[in-house]
Amino acid sequence: MRFPNFALNWPAAIALLLLLSSAPAHAGKTLDQIRQRAQLVCGVSTGVIGFSSADSQGRWNGLDVDVCRAIAAAVLNDPNKVKYVPLNAQQRFTALQSGEVDLLSRNTTWTLTRDASLGLHFTAITYHDGQGFLVPKKLKLTSAKQLKNAEICVQSGTTTEKNLSDYFKAQGIRIKPVVFEKFEASIKAFFSGRCQAYTTDASALAFIRAKEAPRPDDYAVLPELISKEPLGPVVRRGDDEWFAIVKWVIFALIEAEEYGVTQANLEQMKASGDPAIQRLLGTAEDSGKLLGLDRDWAARAVKAVGNYGEMFQRNVGDASPLKLRAALNALWSKGGRKVAVQAGRVRWA
Amino acid sequence: MNRVATTRAWLRRNLFSDVFSGLTTLLLLAGGVHWLPGLIDWVLLQAVFTPDAAACEAVDHAGACWGVVAEKYRFILFGRYPYAEQWRPLLATTLLLLVIVASGLRLLACGPLLAAWLLALPAFFVLMGGGYFGLTAVGSDLWGGLPLTLLLATMGMLLALPLAVLVALGRQSSLPLPRALCTVYVELVRGVPLISVLFLASFLFPIILPQGSSVDVLLRVQGGIVLFAAAYLSETIRGGLQAVPGGQHDAAAALGLGRWQAMRWIILPQALRAVIPSVMNSAVSIFKDTSLVTVVSLYELTGALSLALAGDAEWRSFHLEGYLFIGLIYWIGCYAMSRFSRTLELEGGLQRKSLQGLG
Amino acid sequence: MADFRHAAFATPLLAGGLLAGLWWLLDVTAANMHERGIRSGFGFLSDPAGFGIGESLLPFDSADSTLWALAAGLANTLRVALPAIVFSTLLGTLIGLGRLSPNLLLRGLCAVYVETLRNVPLLLHLLAWYFVVTDLLPPASDALQLAPHVFLGKSGLALPWPGGDSGLFDLPARGEMGIVGGAVLTPEFLALFLGLTLYTAAYVAETVRAGIQSVPRGQSDAGLALGLTRARLFRLVLLPQALRSIIPPLTNQHLSLTKNASLAVAIGYPDLVSVANTTLNQTGRAAECIALIMAVYLILSILTAWLSAWLERRTGRWAER
Ligand SMILES: N[C@@H](CCC(=O)N[C@@H](CS)C(=O)NCC(=O)O)C(=O)O
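Rules of the game
Residues numbered from 1 in each chain as written. Chains lettered and ligands numbered in written order. Predicted model: local features only at pLDDT ≥ 70, side-chain atom pairs only at ≥ 80, totals over all residues. Heavy atoms only, no water. Helix = DSSP H or I, 4+ residues; strand = E, 2+ residues; numbered from the N terminus. Buried < 20%, exposed > 50% of the residue type's maximum accessible area, 1.4 Å probe, protein only. Areas by Shrake-Rupley, 256 points an atom, 1.4 Å probe, with all protein chains shown as cover. Pairing = 2+ DSSP bridges. Axes fitted to C-alpha atoms, helices over the stretch in contact; angles between N-to-C directions. Domains from an automatic or database assignment. Contact = heavy atoms within 4.5 Å. Buried area = accessible area lost by both parts, 1.4 Å probe. Polar contact = N/O pair within 3.5 Å; in protein donor to acceptor, adjacent residues only side chain to side chain. Salt bridge = Lys/Arg side-chain N within 4 Å of Asp/Glu carboxyl O. Near = heavy atom within 4 Å. Nonpolar A, V, L, I, M, F, W, Y, C, P; charged D, E, K, R; others polar. Patch = residues over 30% accessible without salt bridge, like charges linked within 9 Å, V, L, I, M, F, W, Y side chains within 5 Å. Lys, Arg positive; Asp, Glu negative; His and termini not counted. Charge placed at Lys NZ, Arg CZ, Asp CG, Glu CD. Expected span 1.5 Å × (residues − 1).

**Some thoughts on the overall build of chain C**
Move 1: Helix and strand counts for chain C come out as 10 helices and 8 strands.
Move 2: For chain C, the C-alpha atoms occupy an extent of roughly 75 × 55 × 40 Å along the three principal directions.
Move 3: Burial statistics for chain C: of 321 residues in total, 56% are counted as buried.
Move 4: Surface summary for chain C: the accessible area is close to 13,300 Å², and the carbon and sulfur share equals 66%.

**With respect to the sheet that holds strand S2 (residues 150-153) of chain C**
Residue and element names in this part refer to chain C.
Move 1: Read across the open sheet, the 4 strands follow the order S1-S2-S3-S8; overall the sheet is antiparallel. One side of each edge strand has no neighbouring strand; the edge strands of this open sheet are strand S1 (144-147) and strand S8 (183-185). Within the sheet, the average angular offset between the axes of one strand and its neighbour, ignoring direction, is 25°.
Move 2: As paired elements, strand S3 (residues 156-159) and S8 share 3 bridges and run antiparallel to each other.

**A word on unusual backbone geometry**
All names here are of chain B.
Move 1: Phi angles above zero are rare outside glycine, and Asp 60 is one such case at about 50°.
Move 2: Along the polypeptide, Asp 60 turns up in the loop between helix H3 (53-59) and helix H4 (67-78).
Move 3: Note on Asp 60: relative accessible area 55%, which makes it exposed.
Move 4: Non-glycine residue His 61 carries a positive phi angle of around 65°.
Move 5: Looking at where His 61 falls in the secondary structure, it is placed in the loop between H3 and H4.
Move 6: Residue class for His 61 comes out partly exposed when judged on its relative accessible area of 28%.

**Regarding the pairing of S1(C)**
All names here are of chain C.
Move 1: Across 3 bridges, S1 lies against S2 in antiparallel orientation. Following the sheet pairing, Gln 145 is matched in S2 by Phe 151.
Move 2: Hairpin connection from S1 to S2: 2 residues lie between these consecutive antiparallel strands, with His 149 at a positive phi of about 65°.

**A word on the domain arrangement of chain A**
All names here are of chain A.
Move 1: When cut into domains, chain A gives domain 1 (6-128 + 230-334) and domain 2 (131-227).
Move 2: Taken together, the contact between domain 1 and domain 2 spans 17 residues of the former and 15 residues of the latter.
Move 3: Both faces considered, domain 1 and domain 2 share a buried interface measuring about 1,300 Å² in area, 60% of it formed by carbon and sulfur atoms.
Move 4: If you sort the residues of domain 1 by the area they bury against domain 2, Ile 49, Gln 90 and Leu 322 come out on top, with a joint share of 31%.
Move 5: At the junction of domain 1 with domain 2, the criterion picks out 1 residue pair in polar contact (both at pLDDT 80 or more).

**Side note on the interface of chain B and chain C**
Move 1: Of the residues lining the interface, 62 residues belong to chain B; the matching set on chain C comes to 55 residues.
Move 2: Both faces considered, chain B and chain C share a buried interface measuring about 4,800 Å² in area, 71% of it formed by carbon and sulfur atoms.
Move 3: Three residues, Ile207(B), Lys288(B) and Tyr323(B), lead the burial of chain B against chain C; their summed loss comes to 12% of the area buried on that side.
Move 4: Linking chain B with chain C are 1 salt bridge, by the criterion used here.

**Details of the environment of Gly157(A)**
Move 1: Checked against the element boundaries, Gly157(A) lands in the loop between strand S8 (151-155) and helix H6 (159-171).
Move 2: On the basis of relative accessibility, which here comes to 1%, the residue Gly157(A) falls in the buried class.
Move 3: Once residues lying within four places of it in the same chain are set aside, the contact partners of Gly157(A) are Ala89(A), Arg92(A), Arg114(A) and Asn281(C).

**Observations concerning the site of the ligand**
All names here are of chain A.
Move 1: Residues in contact with the ligand amount to 22 residues; listed here are only the nearest, Thr 46, Thr 109, Gln 155, Thr 159 and Asp 201.
Move 2: Contacts to the ligand include Thr 46, whose side-chain N or O atom sits 2.5 Å from an oxygen atom.
Move 3: Within the backbone of Thr 159, an N or O atom sits 2.8 Å from an oxygen atom of the ligand.
Move 4: Relative to its free-state accessible area of 500 Å², the ligand is covered by the protein chains to the extent of 100%.
Move 5: When contributions to the shell around the ligand are tallied by element, the ones reaching two or more residues are H6, strand S10 (197-201) and strand S12 (228-231).
Move 6: Looking at the shell around the ligand, its residues break down into 6 nonpolar, 11 polar and 5 charged.
Move 7: Structurally, the shell around the ligand is a two-domain feature, drawing no fewer than three residues from each of domain 1 (6-128 + 230-334) and domain 2 (131-227).

**Here we look at a negative patch on the surface**
All names here are of chain B.
Move 1: A surface patch of like charges, here negative, comprises Glu 57, Asp 60, Glu 71 and Glu 314.
Move 2: Counting through the fold element by element, Glu 71 comes out in helix H4.
Move 3: Since its relative accessible area comes to 39%, Glu 71 is described here as partly exposed.

**Quick word on helix H9 (residues 272-283) of chain C**
Residue and element names in this part refer to chain C.
Move 1: In this model, H9 (12 residues) spans 16 Å end to end at C-alpha, consistent with the 16 Å of a helix rising 1.5 Å per residue.
Move 2: Taken across its 12 residues, H9 has 12 buried, putting it largely inside the fold.
Move 3: Leu 272, Val 273, Ser 274, Val 275, Ala 276, Asn 277, Thr 278, Thr 279, Leu 280, Asn 281, Gln 282 and Thr 283 are the residues of H9 that are buried.
Move 4: Following H9 by one or two positions, Gly 284 has its phi on the positive side, about 75°.

**Some remarks on the domain arrangement of chain C**
Residue and element names in this part refer to chain C.
Move 1: We note that the domain assignment places domain 1 (2-133 + 188-320) and domain 2 (134-187) within chain C.
Move 2: Inter-centroid distance (C-alpha atoms) of domain 1 to domain 2 is 29 Å.
Move 3: With 10 residues of domain 1 in contact, the opposing surface of domain 2 contributes 12 residues.
Move 4: Across the domain 1/domain 2 interface, buried area totals approximately 910 Å², and carbon plus sulfur atoms make up 58% of it.
Move 5: Of all residues in domain 1, the largest losses of buried area upon contact with domain 2 belong to Phe 131, Val 133 and Leu 190, amounting jointly to 54% of the total for that side.
Move 6: Here domain 1 and domain 2 share 11 residue pairs in polar contact (both at pLDDT 80 or more) between them.
Move 7: If you list the elements that add at least two residues to the side of domain 1 that touches domain 2, you get helix H4 (122-136) and helix H5 (187-213).
Move 8: In terms of residue class, the side of domain 1 that touches domain 2 is built from 7 nonpolar, no polar and 3 charged.

So, in structure tokens, the structure goes:
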């Protein structure tokens, strides 16, 4: 092989490549695009019951799915106009960055790195979680501190992976992570006995124990939560209006819980004389205008999925197989962490 | 008497030609006697064939649990495609397979074959995707299992071939720029693992592409496979081009054909015919390589199997039977293709021989 | 993954050009990403990795730099690829010779081996082996004891290893969490090693068989006529000639094997690609991580091509002697 003019031709080659990888065009308005296609494209997990999972008919449900439905109700006037794109831990950010999804509503932890370096914005916290450990009962463990030299199964592409190493480093305990790229693979390995513990968000552990274990009673969740995992929906940078809409739909759902507005009593509440409720439901002043929506955007969201408390109970709380307690996810006025920046008014409990 | 003698001679020649051979025979026979009954026991006698998880559990791996296939075959073969609509991927797969088999066995003449392909491919997409003729639309994110494997492999081959020819010609070109570009492309792709190309297609293409223009992940991955396959194929074709005797170029020139005309009518046909067997070998590789797309979360045959079994506590411990089942599907495909390639090779050899005989 | 001839790189210029081109493409991508607010650049390589690596030949701690994590990944790739190369070559050669044996049974068995293993995707081999190791072996807490201080269980194969704090050998023993001490070959390693070795052996066998068959029959007839024994005929006449046509495709197989080791990511073995993949996920630096994987593999390919060319020259000379 001879390449006589190879070196000389680099500038030309470079010019060609330059053409091939043209600079990105500027982002269109997400809201306009959604209205145009009459569909919200929502990135969800590939299947974490309680948060987002598809049933045998391909119908999606869960807390994260309800967030999508509420937003679709607010902007498209129909909670069913959502296309769900299942994404595993590693695909999720690329899918959002590339515009494949309008919104990532998938048990995703708000971290500084993600918020500041991926070209994304976290909107609000929809679930206060923490990382825990699932272990087989026959190992008779009572604390994560007994996991010395243990092999721990974990899914790649998660905050979980780093927390795991941070926590045990701080404790001065050596463990061996066994890292899998896919959720299915990690679960399979754990239940085959490859690892002595499985670690992820406590909410997901509840689902894994209840739904994935051959015999749930053979497994237990250890008491330690080794991290705080504030989960919430994420949008792309560069579209502040869309960012605001997602954020405020979530706040509206939380506020509805605060004011006692439910799916059932929504119509009565519309007649309420409470100015805060009037403002929320758009009966007195048009709060939607500021967001580029119409006046009963929030009422539609609540009508579609209920208030935050209802969403919680239905998907992960007492009315669900997971039976998680609200705990941190109760309203701030009830000892929890759930706060909405007020759409209505400041209400001192 | 004579029969006995020939049998003896045969045994002698094939099994006991010398001490070493005799010992080998005895050893292998002993091994067979030792292992075979257990194997037959596991595969057949103690196996559970009904989709009954409790029965499988009870057998506790002493026999195979083929019930897992009976229970999950639709999910394994068609992935997450909507259950009620699964006749569509079934029909689409059958059509595509028929055309492929017809091409392999040369059941049709050139014209009808081309027509069959031109009908089968659009039919495949219409059946899978729907949206026409009253078929409900099914997004490509729900395609999975065997049709997806077939699609990736077939389209991979069909699109990579023309690209490979271009690249092979480019590498022969006397213009330095195209030659350098083609060389860089081929060596670059052949130097890296397919997984990295798939990562590129799945994680990087979307951010490099202009914003707002998102390309379906299936298309991106298909593109990655095509680029990967074309690099290898182009080397095969280049080999074919180099094998065409120089006299052919001269003869074409003497006939007054231009360079491109000579290439199109004289050189390329000979080169391509000569490399068909190796092209088939590449097809086998591509077919097997499609399994890697599960790593970037497309649920083709291998991925669909994991999805079907890993998420189901009842059946999770019978993966091995599942692997054997899809292994058999892959095996049939690959074996058929390599047989086909060997037949072609033999035919080619015969042709060459008869030509030499003439000369 | 592929069984094609790999042409040797003509000039270091080309190799350099490749890397330069890659680097440049990266630069454009970085500019594009900057516009989307996605951070880019290779600065993250010196940041602490922050994640653990389950098994590593190089001493690694999550506080070490990301670059070191990637190096540990590369070391893990080589740790599985090199033994697999040796064993697959040995096994493949035996099987290739077996296919030429006058013994029908042996010939048939070897043919069956080649045809079954070659016609099933490697990924499936790996998944199946991994399943066999992790699902069918006993759990770590009651691992099989194969020999004194040799344990086999779901946590892998534990072997005595020189060194350790007490005495000459670090001996594995039963602990609270399964087996402690000794050197451990994890199930991930075992599955990858077995899968790569057995799969590649099928290809090596075909290469060896074709190589030996490529020596014209007349050569063995002549050798036998000269009164050489079969063994000497093989060593002095057939082997040197066969090697010339075996070595180039064989180095190709070795290269494929190394590239195929990247399938580790599917079964959780922390090879270069897995670690780069984890880094990609943790830092979001997709372009950088993918480029690093590609660059490392390209360099490995170039080195192998050079090595192969050198070997070819050597065996050429040997055969001419
Ligand atoms: N909150 C963590 C972990 C989220 C996560 O991905 N968890 C895994 C394990 S439960 C999961 O949801 N996997 C499902 C999937 O990949 O689709 C994060 O944001 O990194």
